[in-house]
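Close look at the chain arrangement
One letter stands for each residue in the lines below.
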Amino acid sequence: MTALQFSEATSRRPSVGRACKVPIPVIHLKTVQQIDKIRKSGRLASQTLDFIGEHLVPGVVTKGLDKLIHDFIVGHGGVPATLGYKGYPASSCISINEVVVHGIPDGRRVKDGDLVKIDVTTILDGYFGDNARTYLVGQVPEEGVRLATATREALNLAIAVVRPGARLGDVGWAIQSHVESRGFSVVRQFVGHGVGLAFHEKPSVPHHGRQGSGLKLKSGMVFTIEPMINAGVYEIKILNDGWTAVTVDGKLSAQFEHTVAVTADGAEVLTLS
């Protein structure tokens, strides 16, 4: 599940002649033992997506998919982190076509040609793993295939720049430059986030940016990279349920997500099955 873009400093201006304390974001650098726990949770999240992909066929109801996801996670000793989170009513987010993120599973049936994004976050032994994929169901139009391919490529390019000393702007630029060169756009309103000891931690990880800018990465950081890429404009809107985000122009959106740890010499993807 994505995090809303947030500022890591106070938005209030300091008064003239007075000192102003700016909050410093607390970023938890994980130990080797903690990363191992996050890796195990991330592996369960990825295995859940492997499992549910086998059931994703035309005609299946999204609420039924969510029930399968719930039972798989619980059956493997985990807890679905989204269920009850700030009132969210399901064990996964299932977002189809123009739905960007946080689609609530319901009575909607998957159709041939749909782009279906499924996002799951697991809690295993108290540690969180967050993973999302875009599935192409049946005969997907060429634009949808191109969009999903570019989104997956952008995620891989972003992971490739993660290392100690790199900056979050490098991560965002790797995504933005790749997808914009293919005529797509990067959603700004939602970002990746620190994860592991809690569902959403600092820092926020924008999927657009300028090279050499932003927070410097350090070994032990763990965060998600989860670009949401639109076929049309990047603007989105939230529906009346308070969760479902859709493209304002009704065009397709795709997303892929991994939980990533910064290592001494690069990065490790923690959400591999």
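Structure report, in brief. (Residues numbered from 1 in each chain as written. Predicted model: local features only at pLDDT ≥ 70, side-chain atom pairs only at ≥ 80, totals over all residues. Heavy atoms only, no water.)

1. What to know about the sheet that holds strand 7 (residues 185–186)
Strands pair in a sheet through their backbones, by hydrogen bonds, and they do so in one of two ways: parallel or antiparallel. The cut-off we apply is this: Strand pairing is defined by DSSP finding a minimum of two bridges between the two strands. Elements are defined by DSSP. Helices are runs of H or I of four residues or more, strands are runs of E of two residues or more, and each kind is numbered from the N terminus. In what follows, a contact means two residues having at least one pair of non-hydrogen atoms within 4.5 Å. Angles here are taken between N-to-C directions and fall from 0 to 180 degrees, while the axes themselves are lines fitted to C-alpha atoms, restricted in helices to the stretch in contact.
With respect to topology, three strands assemble into an open sheet ordered 7-11-14, the strand pairing being antiparallel. Each end of this open sheet is capped by a strand with a single partner; those strands are strand 7 and strand 14 (253–255). Pairing geometry for strand 7 and strand 11 (residues 228–230), over two bridges, is antiparallel. In the strand pairing of strand 11, Ser185 is matched with Asn230. Running over the sheet, helix 3 (residues 142–160) touches strand 11 and strand 14 and is turned about 35° from strand 14.

2. Some words on the packing of aromatic side chains
Put simply, the rule is: Stacked, tilted and edge-to-face pairs are distinguished by plane angle, under 30 degrees for stacked and over 60 for edge-to-face with tilted covering the rest, among Phe, Tyr and Trp rings (Trp via its six-membered ring) whose centres lie within 6.5 Å. Each residue is assigned to one of three classes by its accessible area relative to the maximum for its type, calculated with a 1.4 Å probe on protein chains only: buried under 20%, partly exposed between the two thresholds, exposed over 50%.
If you walk through the whole model with that rule in mind, you get four aromatic pairs. Note on Phe51 and Phe72: the rings are 4.6 Å apart at their centroids and 15° apart in plane angle, and the pair reads as stacked. Pair noted here: Phe51 is in helix 1 (residues 32–53) and Phe72 is in helix 2 (residues 62–75), with a separation of 21 residues, a long-range link. Residues Phe128 and Phe199 carry aromatic rings whose centres are separated by 5.9 Å and whose planes lie at 25° to one another, so their mutual orientation is stacked. Note that Phe128 is positioned in strand 6 (residues 127–136) and Phe199 in the loop between strand 8 (190–194) and strand 9 (201–205), a separation of 71 residues in sequence. The same class applies to Phe128 as to Phe199, namely buried. Members of the aromatic cluster, joined through ring pairs, are Tyr85, Phe128 and Phe199.

3. Considerations on empty space enclosed by the protein
Quick note on the threshold: Only protein atoms enter the 1 Å grid, on which a cavity is a set of points fitting a 1.4 Å probe that cannot get out and a pocket is an open set with protein on both sides within 12 Å along at least 5 of 7 lines, lining residues being those with an atom within 4 Å of a point. Grid points are joined across faces, edges and corners, and a volume is the space filled by probe spheres set on the points. Three residue categories are used. Nonpolar comprises Ala, Val, Leu, Ile, Met, Phe, Trp, Tyr, Cys and Pro, charged comprises Asp, Glu, Lys and Arg, and polar comprises the others, including Gly.
Scanning the entire structure with this criterion turns up one cavity of 30 Å³ or more. For the largest cavity, the calculated volume is near 30 Å³. Around the largest cavity, the lining residues are Cys93, Ser95, Val100, Val101, His102, Lys117, Asp119 and Gln255. Elements with a minimum of two residues in the lining of the largest cavity: strand 3 (93–96), strand 4 (99–101) and strand 5 (115–124). For the lining of the largest cavity, the per-class residue count stands at three nonpolar, three polar and two charged.

4. Here we look at the packing of helix 1 against helix 2
Selection rule: Orientation categories follow fixed angle ranges, with anything under 35 degrees roughly parallel, anything over 145 roughly antiparallel, 65 to 115 roughly perpendicular, and all other angles oblique. Each crossing gets its hand from how the near helix is turned against the far one by less than a right angle, where anticlockwise is left-handed and clockwise is right-handed.
The contact between helix 1 and helix 2 brings their axes to 10 Å, and the two run at 140°. Relative to helix 2, the element helix 1 lies oblique. Every pair of crossing elements has a handedness; the one defined by helix 1 and helix 2 is right-handed. Contacts from Leu44, Gln47, Thr48, Phe51 and Ile52 of helix 1 reach helix 2 at Leu65, Leu68, Ile69, Phe72 and Ile73. Here the residues of the contact of helix 1 with helix 2 are counted per class, giving eight nonpolar, two polar and no charged.

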